[in-house]
Amino acid sequence: MSAFSDSLIQKEAWSGLMMGNHALVRAMIESGVMVVSAYPGSPTPEIGEALLSVPEEQRPYHFEYSTNEKVAIETAFGASINGHLSACFFKSVGLNVALDSYVQMPLLELTGGMVVILGDDPGANSSQNEQDNRHIARRAYSPMFEPGTPAEAYRMFKAAAALSQKYKILVTLRMTTHVCHAREVIRFDALPQHDYDWTPRYNPPHYLAYWPITSNVFPLKRKTFAKLAAIEKDACSSEFTEEWAPNGKAPIGGRRLGLISFGIPAYSLLENLDESGASIDILKLGITYPLPMERILNFLREHDDVLLLEELDRVFEPEIKSACFDAGITCKLHTRTEVEHLMGEFVPHRTWALLSALWPEAFAPRMAAAPAQEKVAPRVAQMCPGCGHRSAFHAVRELIEQEYPGAITVADIGCHTLGSLEPYNMGTVLLCMGHSNGTAAGMTIGNSVEKVGDKARPVITFIGDSTLFHAGLPAIINAAIYNHNITLVVMENYTTAMTGHQPTHANGEYGDKLNIPDVLEKCGVEFIRSVPAYQQDAIKDALREAIANPGFSVVIAKHPCMLKFLREKARKLARQKVMAPRS
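Residues numbered from 1 in each chain as written. Predicted model: local features only at pLDDT ≥ 70, side-chain atom pairs only at ≥ 80, totals over all residues. Heavy atoms only, no water.

Observations concerning the nonpolar core
The nonpolar side chains of a soluble globular protein tend to be buried, and buried together.
Argument step 1. The biggest cluster of nonpolar side chains holds 48 residues, and the ones touching the most others in it are Met 28, Leu 51, Ile 117, Phe 145, Phe 157 and Leu 173.
Argument step 2. When residues in this core are grouped by element, the largest group, nine residues, is from helix H7 (residues 150-167).
Argument step 3. If we skip the residues at most four places from it in the chain, Phe 157 touches Leu 24, Ala 27, Met 28, Ser 31, Val 33, Ala 87, Val 115, Ile 117 and Leu 173.
Argument step 4. In this structure, Ile 81, Val 103, Leu 108 and Ala 137 belong to the second largest nonpolar core, which totals 29 residues. (Core = buried A, V, L, I, M, F, W, Y, C linked by side-chain atoms within 4.5 Å. Buried < 20%, exposed > 50% of the residue type's maximum accessible area, 1.4 Å probe, protein only. Helix = DSSP H or I, 4+ residues; strand = E, 2+ residues; numbered from the N terminus. Contact = heavy atoms within 4.5 Å.)

What about the packing of helix H10 (residues 263-276) against helix H13 (residues 348-358)?
Argument step 1. In contact at an axis separation of 9 Å, H10 and H13 are set at 65° when each is read in the N-to-C sense. In terms of orientation, H10 lies roughly perpendicular with respect to H13. In the packing of H10 onto H13, the handedness of the crossing is right-handed. Here Pro 265, Ser 268, Leu 269, Glu 271, Asn 272, Glu 275 and Ser 276 of H10 lie close against H13, whose contacting residues are Pro 348, Thr 351, Trp 352 and Leu 355.
Argument step 2. Residues that form the contact of H10 with H13 fall into these classes: five nonpolar, four polar and two charged. (Axes fitted to C-alpha atoms, helices over the stretch in contact; angles between N-to-C directions. Parallel < 35°, antiparallel > 145°, perpendicular 65-115°, else oblique. Left-handed = near helix turned anticlockwise from the far one by under 90°. Nonpolar A, V, L, I, M, F, W, Y, C, P; charged D, E, K, R; others polar.)

Some details on the sheet that holds strand S4 (residues 86-91)
Argument step 1. Taken together, seven strands build an open sheet; the order of strands is S3-S2-S4-S5-S7-S6-S12 and the sheet is mixed. Edge positions in the open sheet fall to strand S3 (62-65) and strand S12 (287-289), since each of these has one partner strand only.
Argument step 2. As paired elements, strand S2 (residues 35-38) and S3 share four bridges and run parallel to each other. Residue Ser 37 lies in a different strand from S3, and its bridge partner there is Glu 64.
Argument step 3. Along the sheet face, H7 touches S4, strand S5 (114-120), strand S6 (144-145) and strand S7 (170-176) and points at about 165° away from the line of S7. (Pairing = 2+ DSSP bridges.)

Digging into the side chain of Ser 37
Argument step 1. Residue placement: Ser 37 occurs in strand S2.
Argument step 2. The class for Ser 37 is buried, based on a relative accessible area of 0%.
Argument step 3. Among all residues touching Ser 37, those that are not within four sequence positions of it are Phe 63, Glu 64, Ser 66, Ala 72, Thr 75, Ala 76, Ala 87, Cys 88 and Phe 89.

Comments concerning the domain arrangement of the protein chain
Argument step 1. When its domains are assigned, the protein chain resolves into domain 1 (3-237), domain 2 (249-358) and domain 3 (388-566).
Argument step 2. Distance from the C-alpha centre of domain 2 to the C-alpha centre of domain 3: 49 Å. (Domains from an automatic or database assignment.)

Observations regarding the state of the cysteines
Argument step 1. What the rule picks out here adds up to zero disulfides.
Argument step 2. The thiol of Cys 88 is unpaired, and the distance to the nearest cysteine sulfur, on Cys 180, comes to 14 Å.
Argument step 3. For Cys 88, a relative accessible area of 0% gives the class buried.
Argument step 4. Of all cysteine sulfurs in the structure, the one in Cys 384 sits closest to Cys 387, which takes part in no disulfide; the separation is 6.4 Å.
Argument step 5. Take Cys 387: its relative accessible area is 14%, and that puts it in the buried class. (Disulfide = S-S within 2.5 Å.)

Structural notes on the packing of aromatic side chains
Argument step 1. Applying the stated criterion to the full structure yields 12 aromatic pairs.
Argument step 2. Seen from their ring centres, Tyr 141 and Phe 225 are 5.1 Å apart, and the 75° between their planes marks the pair as edge-to-face. You can see Tyr 141 sitting in the loop between helix H6 (134-140) and S6 and its partner Phe 225 sitting in helix H9 (residues 217-237), a full 84 residues away along the chain.
Argument step 3. One aromatic cluster in this structure is built from Trp 14, Tyr 154 and Phe 188.
Argument step 4. If you follow Arg 350 out to its NZ or CZ, it ends over the ring of Phe 346, 4.3 Å from the centre. (Phe/Tyr/Trp six-rings, centres within 6.5 Å; stacked < 30°, edge-to-face > 60°. Lys NZ or Arg CZ within 6 Å of the ring centre and 35° of its normal.)

This is the structure we're talking about:
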């Protein structure tokens, strides 16, 4: 076992440099989490790597990568109502997949407790949008914690788990990319003695306790509102609702100035104050739903001017303004004024610019950086050397250019998404995981007789093997049943490569290997061809045959992910050398 995994389950208290994602795993173990489920997606995949680093026989928890986020959150929910503390994690847009279940769970009694860890992505570092999931937590009535450092992530997870167990409610821990991936020296507590009792404890007080439908919704909703009211009081006295006055409380120009923020923006403001020396107070929020409104109103009463700073959407701004109006508070509130302020991360240079525009006497305006004299040539993202997707896309592109110049190509999410870029330009529309064949179905309607010159205009879609099982099967079944005139190319590389080579439900790492042709056949697909990705002529032949087939057709281009293949080969050779007898 590695020193890293040893430290995760070390019984004694210890300190160490730890990534935010990894710190969450230690927090889970200290909290007594028994079941963890996930679907991999940046910025959260390192949580799974850390959970798997502990040898299975030494894990006090069960961990699994589920087929998708909806299955993952339901697995954690089932464990919780069975009396076991559970956790679930995925990326920002993964919540969309889990949403149908997520919005119901805070209405129900989660007897074991449950924490959902969200990896939101301000700046769209690895996502197709900047989705601000603070909206969705409010929509679902799920209390939300928001850390700004790895140490806070560790402490807040433990507090979130305790709060969830206290009120039997789903609690959300919203991480952002740089909190997930930042590293900090953290002081970890000793491991408490937990009784990991796997006895099933599902025992609803009455037979409709877990039926949030029709008239039964209202008593459940009233109970949830009562919990939120109690949690708001807890938030007011929480250790995570902090007031900072790093430079004292002296007025500036006869006025008391203040800042209200949370997470990374709060620490960016703190850095600005450290640099400027301005005597401005910060109210830093840790529980951001429900807001600790009494603490906020008291802070506003004590100040003349306050800047409300949040990252991405205007979420707490209207709530605070409304409460301020109702309370008759005369403090002048300042907010972000530019559209650009609603995008990206609020790192220190951006928060300084805001403060400088508002209070230039305390934050001297800075000159904009001079434009670079020479522009560096942009580097287009590319698939890895040796990747079978490269060969398959090359063959598809050549065939389209030579024989089907008007072909429509539809992308999906995964490594193969990079096929949309130069030099392949395969996949000109992209929404989310599994959309390709649903979108293509709509594009084929009325398209069967459309011509470009004297050539037919086929619709060709792409999907990876992990995405196929995640969200692709419903649209594939639909296309097979209606026999939509789509040619699907399945890019099979036997792993979830984009997020770090997590197992798929088709590669046999867990359970029996699922054979994709067999699965497709059972789903009603009649035309299936499977071709090695490096046999380009064979791929072209299969595609010609598929395009000529009047209806839904599938060509599987298969080749193992070369990064994973070579790493596993290197590890195998290293093990052989260690085990080889010495001469």
